[in-house]
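# Topology and contacts: notes
The chain contents come next:
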Amino acid sequence: MAARAGFATTFRALRPVPAAEARKRFLPAADGGLYIVGGDSGWLRRESIQRIAAHHLGERPDPHRLRRFNGQAATGGQLRNAAETLSFGGAPVLVIHDGLRVTQPPAGAPDLAGLLPDLIARPPGRLTLVVEWEKSPNRSLKSWKGTPAPKASKAKRKRTVAARLPGLEAAIGSRVAAGTGLVLDADPPPERAMPAWIRNAARERGVALPERGAELLAERFGRDLRRQVNEIGKLLAYRDESEAAVTFAELETVIGGGTVRNRFRFTDAVRDGRTSDALLALDRLLEEGESPQALLALVYQLALQLQVVEDVVRRGEAPTSAPGVPAWMAGRLAGAARRFSAAEHRRILGEIATIDMRLKMGGVAARNALAALALRLTAPAGKSSSR
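Quick look at the structure, then. Since this is a predicted model, take the numbers as computed values, not measurements.

Scanning the protein chain from N- to C-terminus turns up 18 helices and six strands. Counting all 387 residues of the protein chain, 44% fall into the buried class. Partitioning the intrachain contacts of the protein chain with sequence separation of at least 6 by distance along the chain shows that 71% fall at a separation of at least 24. Put simply, the protein chain shows about 19800 Å² of open surface, and 53% of that area lies on carbon and sulfur atoms.

One pass over the full model with this rule turns up 25 salt bridges. For Arg 199, the salt bridge is made with Glu 215, and the minimal N-O distance between the two is 3.1 Å. You can see Arg 199 sitting in helix H9 (residues 194–204) and its partner Glu 215 sitting in helix H10 (residues 213–221), a full 16 residues away along the chain. Linking Asp 272 and Arg 271 is a salt bridge whose minimum nitrogen-to-oxygen distance equals 2.8 Å. Beyond isolated ion pairs, a larger network of salt bridges with shared partners links Arg 212, Asp 268, Arg 271, Asp 272, Arg 274 and Asp 277.

Let's shift gears to the layout of surface pockets. Taken as a whole, the largest pocket spans an internal volume of roughly 580 Å³. What lines the largest pocket is a set of 28 residues, and nearest its centre among them are Ala 20, Leu 44, Asp 187, Pro 189 and Trp 197. When contributions to the lining of the largest pocket are tallied by element, the ones reaching two or more residues are helix H2 (42–57), strand E6 (181–185) and H9. By residue number, the principal contributor to the lining of the largest pocket is H2, which donates six residues. Here the lining of the largest pocket is composed, by residue class, of 16 nonpolar, two polar and ten charged.

The rules behind these values
Residues numbered from 1 in each chain as written. Predicted model: local features only at pLDDT ≥ 70, side-chain atom pairs only at ≥ 80, totals over all residues. Heavy atoms only, no water. Helix = DSSP H or I, 4+ residues; strand = E, 2+ residues; numbered from the N terminus. Buried < 20%, exposed > 50% of the residue type's maximum accessible area, 1.4 Å probe, protein only. Contact = heavy atoms within 4.5 Å. Areas by Shrake-Rupley, 256 points an atom, 1.4 Å probe, with all protein chains shown as cover. Salt bridge = Lys/Arg side-chain N within 4 Å of Asp/Glu carboxyl O. 1 Å grid on protein atoms, 1.4 Å probe; cavity = no way out; pocket = protein on both sides within 12 Å on 5 of 7 lines; lining within 4 Å. Points joined across faces, edges and corners; volume = space filled by probe spheres on them. Nonpolar A, V, L, I, M, F, W, Y, C, P; charged D, E, K, R; others polar.

Now the structure itself:
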C-alpha cells in the first residue's frame, strides 16, 4: 500500500507553510486574518494555535477577545455571535478546535451549513479566525470543491468550460492569494530532519544540547514532538539556569541512562568495524537487561541502512540521497557499506531473519546469535564469509 501523502502535498494548492516557519509569516496583528492549521501532530497544531492567538492578542491581551470553541459541539449561532461581537479591547480572536465538523457540517447540523465559507469570504470587521483540522477534509464533497454553475445553453456548453461556484477550497485559496490567510502544515518533520528540529526546539527554550544530543533524542523518541519537548523541559529543570550547556552524561541521566549509551556504543562499533568494542557493548547491554529481540532490531536497522547506502553509492549517487537514512548518518554509513558487496548485504539480511526466527523458537542462545552477527558485520572488506 502506498504511503499516505503528507499535509503539504495533499493541500499544495493552498500553499501551506511549515509550522516551524509560521512565526515569520504571521499576518499583521491588528488586521486579523484567517489561519487553517492541519497536519498529523496534535501537539504541533495546538502549539501553533497558541502562538497565533498570542500574536494577535498582543502584549496586553484582553481576555474577552479570545473565544475558543470545540468544533465537535459548537452551534452555528454560537460561532457567528462570537465572530461578530466586539469587545472594548478590539476585534475577536475566534479559535475553533477540532474543526472538521464545522468545515464539512453533517446533515444534522443545518445551522453550520455555509457558516465557515461565509466567515472566510466576508469576515466581520478585523476578525482573526483560526480553524484546526484534526484530520483532513474530504476533498471529494461539493462543500470543498464547489458546484457547477448553471449552463446557459447546449450550444454554449460545447464552446466553454462551465464556471464553478466557489467551494471551501476556493474561499481559503482566495484569502491566501490576497495575503490575508495562511495555511499551516503541522506534520512532524521527516525522520532525517528530526535532529535539526530538536536542536532548534531546545535552543528556543534555552537549552544547549551536547554534540549528538539531538541525535540521541531522535533515536529514542522519534517523531513524537510532544515527548521531545517534554524531555527538553526535563533538561531545563535539571540544569542550573546559570549553566549554559548540558553534558551528554546528564542527557543520558535525564532520559534513561546506561542502556541508551551502550546502544550507541554497540551500533557505532558494529558500523565502524570495531569487533572488540562491539562485543563489549553487547555484553553490557545484555547485563543491563536489554531485550535480545530489541538488539536484533537495532542490528537489522543498521544492516538495512548499510544496504540502502551501498545501493545509492553503487549507482553513483550521494550517500545523503539514501531513502530512510538520516543525512547526518549517511556519510558514516558509506564507508561501512563498502565492506560488503550487494550480494553480501542481501545474505546478511537473510541471516538476520533466520536468527530472529530461531530466537523466537528458543533454538539458539541470544548472546551467541548476536555476537555472531556482530562478527559478521564488523568483518574487514572481503573477509565476512570466512569469519
